[in-house]
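Fold and geometry: a report
Given next are the chains, with one letter for each unit.
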Amino acid sequence: MANFGHVYLIGAGPGDPGLLTIRGKEILERADVVVYDRLVSPAVLGMCNSKAKMVDVGKMPTHHKVKQSEINKLLVQYAQEYPQGIIARLKGGDPFVFGRGGEEALELVDAGVEFEVVPGITSAISVPAYAGIPVSHRGIATSFHIITGHEKAESNGELSLDFENLAKCQGTLIFLMGIANMDFIAKRLMECGKAPKTPLAFIEKGTTPYQRTVMATLETAGETIVRENVTAPAITIMGGVVELGKTLAWKKNLPLSGKRLVVTRAAKQASGITARLTALGAEVIETPMIETRAVEGSFNWADLANFDVLAFTSTNGVESFFTQLLASGNDIRVLAGKKIASVGKITEKKLLEYGIRCDYVPEDHTGEGLGKLLVSHVIASEQGERGNLIDESRILLLQGNLADDTLLKLLPQATRWVVYETLPVAELPEWKREAVESADAIVFASTSAVENYVKMTDARPRTSFCIGRMTESAARKHGFGTVTSDETTMDSLVKKIAEYYAGGRA
Ligand code: SAH
């Protein structure tokens, strides 16, 4: 057999990234190529291997971006280009439910390319579930039917639906891709005898932060779509079960529902804030602006003995320091007896993860505050209070290459080791561009994030949420509206964001 990569037809689920299967996630994390559709949510794309080639074959509702026959060929072509590789074909919902996955699989078989199918949670069932509508229910519906509202017959160009039989059907009817034709479909069903009062619901962007349910009946279907401006992607569900949705609608309207927020932290730091904002209902687009890399071999570990106080001004500094400390064959016992200083609470917490408590943390969580705090102890020692003595020349600052000189200016006799360096991420991946451009707001945690962001894209969300006054002024300088957290902590920032939108300033 020819030497081909392995293709996986993966269902991405209906939108909520939590509804991607574990198997699907595992493959996406290892994929070399990801060929994806328009319906796949940015959060799922964000789970893909960051080194993967991302290929958008998304179809817009009006024009087909890449023809199906071309997609089929593309999959074979990538399997050839990446002989040992993993090619993920990522589709909304389930690949075999109106996903044309079968056609792609046939083409792969023809070409002799091995493939696997990773089923996904179809929108047909999960979207009603998120609206509190069970597709079957004892005593109400003993079957459910999933129907395309889109497929036209080749002979006459009319919808190829068997309206006579559908109208007779007592089960729940679930239409995918049917919004544009729903007025027609509803009329035909009534002509064929389906009761005009049959309840129905349109569920738009189900399972996402933008989910909306609109209730109607068969006879008011068409006018309701126009009045409420129901837009794709949406499903239409018809039958007695729809009434249950009035009692069972469980998905709460959260403070950040319907908001798209860009988080500009480095990938490994973003997950905390992302999880919290997501829990409040937001859609979060993680867009790291910088990558940090440990600087190795630029100092001598034996020199640690020359210092009594180690001062950290970032979690990156803490991580890089300890990673390198361990890599050098040392361990935390070399810190025995030393005093530890931290710029703020987040860094303090990070140190605690390494089993280290801080001796000095300034009240205001700023570099200047830390400098002044240490200086106050140096002065105290000169006045003879030897208990808290700090010899300024025995203070070691562990910082990144971009750290400003605030601390060094206040403590000129201290030594600085650059333990990590920050490199800007050069460009926004194509798949993120659209998501970032349509965001409601952006979260900045550092001045460098602001500076890199403006280099990377012209998109300027109206609002920026900033940690720290320095970040705020950088954002203002570039024309962002700013809302700044009271404290320099993520908790404080998340609270601020929730308050901002609760105040109706959306
Ligand atoms: N394979 C997909 C369906 C593809 S057809 C699946 O199994 O879900 C595309 C149609 O699916 C859309 O027109 C819409 O009717 C429906 N759909 C997909 N995701 C949806 C969502 N999040 N909310 C509402 N409808 C959705």
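A quick note: this is a predicted structure, and the numbers were derived from the prediction, not measured.

**As for the sheet that holds strand β6 (residues 144–148)**
Within a sheet, neighbouring strands are paired by backbone hydrogen bonds and run either parallel or antiparallel to one another. What the five strands build is an open sheet, ordered β6-β7-β10-β8-β9; its pairing is mixed. In the strand order of this sheet, the two ends are held by β6 and β9 (212–217), each with one partner. Across the sheet, the mean angle from the axis of one strand to that of its neighbour is 20°, orientation sign disregarded. Pairing of β6 with strand β7 (residues 172–176) involves five bridges; the strand directions are parallel. Along β7, the bridge assignment pairs T148 with L176. Strands in contact with helix α5 (residues 123–130) are β6, β7, β8 (199–204) and β10 (234–238); relative to β10, the strand with the most contacts, it is inclined by about 80°. Each of β7, β8 and β10 touches helix α7 (residues 182–191); the most contacted strand, β7, lies at about 155° to it.

**Describing the sheet that holds strand β20 (residues 481–484)**
What the five strands build is an open sheet, ordered β12-β11-β18-β19-β20; its pairing is parallel. The sheet terminates laterally at β12 (283–286) and β20, the two strands that pair on one side only. The mean angle between the axes of side-by-side strands here comes to 25°, regardless of whether they run parallel or antiparallel. Inspection of the sheet shows strand β18 (residues 441–444) paired to strand β19 (residues 463–466) by four bridges, in the parallel sense. Within β19, the residue paired with F444 across the bridge is C466. Contacts from helix α15 (residues 430–437) reach β11 (260–263) and β12 within the one sheet, and its direction differs from that of β12 by about 135°. Here helix α18 (residues 490–502) sits on the sheet and contacts β11, β18, β19 and β20; the angle it forms with β19, its principal contact strand, is near 150°.

**Topic: the nonpolar core**
Core analysis: the biggest nonpolar cluster contains 24 residues, and L161, L173, F175, I185, L189, F202 and M238 have the highest contact counts within it. Setting aside its immediate chain neighbours within four residues, I185 contacts G149, L159, L161, F163, F175 and G178.

**A closer look at the pairing of β19**
Because side chains alternate across β19, one face comprises the buried residues T463 and F465, and the other comprises S464 and C466, equally buried. Read from β18 through helix α16 (residues 447–456) to β19, the crossover connection turns out right-handed. Of the pairings in the sheet, the one linking β19 to β20 comprises four bridges and is parallel in character. Looking at β20, one finds that S464 is bridged to T482.

**Things to note about the domain arrangement of the protein chain**
Quite often, the size of an interface is put as the accessible area lost when its parts meet. Domain annotation for the protein chain reports domain 1 (6–121), domain 2 (125–248), domain 3 (260–289 + 425–502) and domain 4 (292–423). Domain 2 and domain 3 are separated by 39 Å when their C-alpha centres are compared.

**Quick look at the pattern of salt bridges**
It is possible for side chains of opposite charge to pair when their charged atoms get near one another. Summed over the entire model, instances satisfying the criterion amount to 29 salt bridges. One salt bridge connects K91 with E104, and the closest N-O pair in it is separated by 3.1 Å. In this pair, K91 sits in strand β4 (residues 86–91) while E104 sits in helix α4 (residues 101–111), placing the two residues 13 residues apart along the sequence. Note on K91: relative accessible area 2%, which makes it buried. Salt-bridge contacts for E353 lead to K350; the nearest nitrogen and oxygen are separated by 3.1 Å. Pair noted here: E353 and K350 are both in helix α12 (residues 345–353), with a separation of three residues, about one helical turn. With a relative accessible area of 58%, E353 lands in the exposed category. By sharing partners, the salt bridges in this structure join D37, R89, K91 and E104 into a single network.

Criteria and cut-off values
- Residues numbered from 1 in each chain as written.
- Predicted model: local features only at pLDDT ≥ 70, side-chain atom pairs only at ≥ 80, totals over all residues.
- Heavy atoms only, no water.
- Pairing = 2+ DSSP bridges.
- Helix = DSSP H or I, 4+ residues; strand = E, 2+ residues; numbered from the N terminus.
- Axes fitted to C-alpha atoms, helices over the stretch in contact; angles between N-to-C directions.
- Contact = heavy atoms within 4.5 Å.
- Core = buried A, V, L, I, M, F, W, Y, C linked by side-chain atoms within 4.5 Å.
- Buried < 20%, exposed > 50% of the residue type's maximum accessible area, 1.4 Å probe, protein only.
- Right-handed = clockwise from strand over helix to strand, strands pointing away.
- Domains from an automatic or database assignment.
- Salt bridge = Lys/Arg side-chain N within 4 Å of Asp/Glu carboxyl O.

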